[in-house]
Amino acid sequence: MSETQDIRIPIDDRTRVLVLTGAGISAESGLATFRGTGGLWDGQPVERVASPEGFAADPELVWRFYSRRRRDAGAAEPNAAHRAVATLEARLGDRFLLVTQNVDGLHARAGSVRLVEIHGTLWRTRCSRCMRPPFADAAFPVEPPLPRCTCGAFMRPDIVWFGEMLDPATTHRVDLFMREAMGAPFIFLAVGTSGTVYPAASYVQLARLHGAQTWLANLDPAENAGAFDHVVAGPAGSTVPRLLGIDG
Ligand code: BJW
Ligand code: ZN
């Protein structure tokens, strides 16, 4: 691992780039991250609002939490880092994939299209029991009586909670991109993520196995920082446009 402050990521017309983002990329849009002081998990047990057991115990509490998140995300705007990532995609086309753990929808609003939301999205609702397809939903606040499916069960946000499987279609896209990138110049860039939640935290190792040069742009030292070739400290709104050579 090397500490690099004034370097540009080498990207030419053959390079494939996989960007993984976390809550830190939306911090400069005014959205709270999860961990650390002032974070969404600060002072409250995660399982109460982000697990199927928490939802079963108190669906009203969970909907209150996600209603606030919808309100805040809906009022936020993409920042220079979201825009730089979207600009890179426009240059690279199919040689690019964006994998986000964020559920706020800001990457799509910045123009990203080759986008995999591995933890779901705030902007869809689904049944907590049956296979009725998820549907677009921007309603807030969601208050009692809580919405129910035609099967009788409560509706819930279409978000991947702790202990739940990621949608195999999303992980398949990540695997496929990694396989296609093998043998070509391949860059893996993680932005604004603490490297604590799996499987996302292990993508850096997977990318290395597929021959990637790995970069991390984060404010604080991430838990998995040692797995990266290059670590750049600072706020994503400044570091990401600079690393990608794109004006914010
Ligand atoms: C800035 C900045 C600025 C600030 N600029 N940077 C292997 C080992 C151990 C455990 C497991 C394992 N595999 C699976 C597990 C279990 C579990 C897990 O990972 N547990 C860990 C806690 C150990 N994983 C799961 O359950 C996953 N499911 C799964 O794997 O299924 C199979 C399975 C199940 C059970 C056992 C084994 C296998 C599902 C995980 C779903 C996580 N969902 C959440 C909540 C819902 C979304 C929501 O409500 O929004 O998703 S958790 C929460 O953390 C959220 C985030 O997407 C996720 C990651 O957080 P992120 O984005 O990294 O945010 P922070 O706050 O942690 O960090 C922000 C960073 O930004 C900081 O470092 C700052 O410095 C930085 N920053 N400002 C740049 N301006
Ligand atoms: Zn149902």
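Criteria and cut-off values
- As a convention, each chain's residues are numbered from 1 in the sequence order in which they are written.
- As a convention, the first chain written is A and the first ligand written is 1, with the rest following in written order.
- Residues qualify for local features only when their pLDDT is at least 70, as the model is predicted, and side-chain atom pairs are given and counted only at 80 or more; totals for whole chains, interfaces and linings, by contrast, use all residues.
- The side-chain values count all of the structure's non-hydrogen atoms but skip hydrogen atoms and water molecules.
- Two rings from Phe, Tyr or Trp (for Trp, the six-membered ring) form a pair when their centres are within 6.5 Å of each other. A pair whose planes differ by under 30 degrees is stacked, one over 60 is edge-to-face, and the rest are tilted.
- Every helix listed is a DSSP run of H or I at least four residues long, and every strand listed is a run of E at least two residues long, numbered separately from the N terminus.
- Throughout, exposure labels follow a simple rule: accessible area from a 1.4 Å probe, protein chains only, divided by the maximum for the residue type, with under 20% read as buried, over 50% as exposed, and the rest as partly exposed.
- Residues are classed as near a molecule or strand on a simple rule: at least one heavy atom within 4 Å of it.
- In protein, a polar contact requires one atom able to donate a hydrogen and another able to accept it; more generally it is a pair of N or O atoms within 3.5 Å, and residues adjacent in sequence count only if both atoms are side-chain atoms.
- Note on areas: Shrake-Rupley with a 1.4 Å probe; residue coverage comes only from the protein chains shown.
- Residue ranges assigned to each domain were obtained from an automatic or database domain assignment.
- Here, the term nonpolar core denotes a set of buried Ala, Val, Leu, Ile, Met, Phe, Trp, Tyr and Cys residues that are joined through side-chain atoms within 4.5 Å.
- Contacts between residues were defined by any pair of non-hydrogen atoms, one from each residue, lying within 4.5 Å.

Draft legend 1. Broad picture of the packing of aromatic side chains. Following the criterion strictly, the structure yields seven aromatic pairs and no others. Seen in terms of ring centroids, Trp41 and Phe65 are 6.0 Å apart; in terms of plane orientation they differ by 25°. Their pairing is stacked. You can see Trp41 sitting in the loop between β2 (16-21) and α1 (46-49) and its partner Phe65 sitting in helix α3 (residues 59-75), a full 24 residues away along the chain. A relative accessible area of 12% places Trp41 in the buried class. Since its relative accessible area comes to 4%, Phe65 is described here as buried.

Draft legend 2. Examining the site of ligand 1 more closely. Near ligand 1 lie 34 residues; those nearest to it are Arg35, Tyr66, Arg69, Ser194 and Asp220. The contact in question runs from an oxygen atom of ligand 1 to an N or O atom on the side chain of Tyr66, over 2.6 Å. Note that a nitrogen atom of ligand 1 is positioned 3.0 Å from one of the backbone N or O atoms of Val160. Taking 1500 Å² as the accessible area of ligand 1 by itself, protein coverage stands at 77%. For the shell around ligand 1, the two domains that each supply at least three residues are domain 1 (1-31 + 78-119 + 166-248) and domain 2 (32-75 + 121-159).

Draft legend 3. Highlighting the nonpolar core. Counting 25 residues, the largest nonpolar core has Leu18, Val99, Phe186, Phe188 and Tyr203 as its most contacted members. Those elements that place two or more of their residues in this core are β2, β3 (96-100), α6 (168-181), β8 (186-191) and α7 (203-209). In terms of residues, this core owes the most to one element, α6, which gives four residues. When neighbours within four sequence positions are excluded, Phe186 is seen to be in contact with Thr15, Arg16, Leu18, Phe177, Met178, Ala181, Ala207, His210, Gly211, Ala212 and Gln213. Ile25, Leu92, Leu115 and Leu189 belong to the second-largest nonpolar core, a separate cluster that totals 23 residues.

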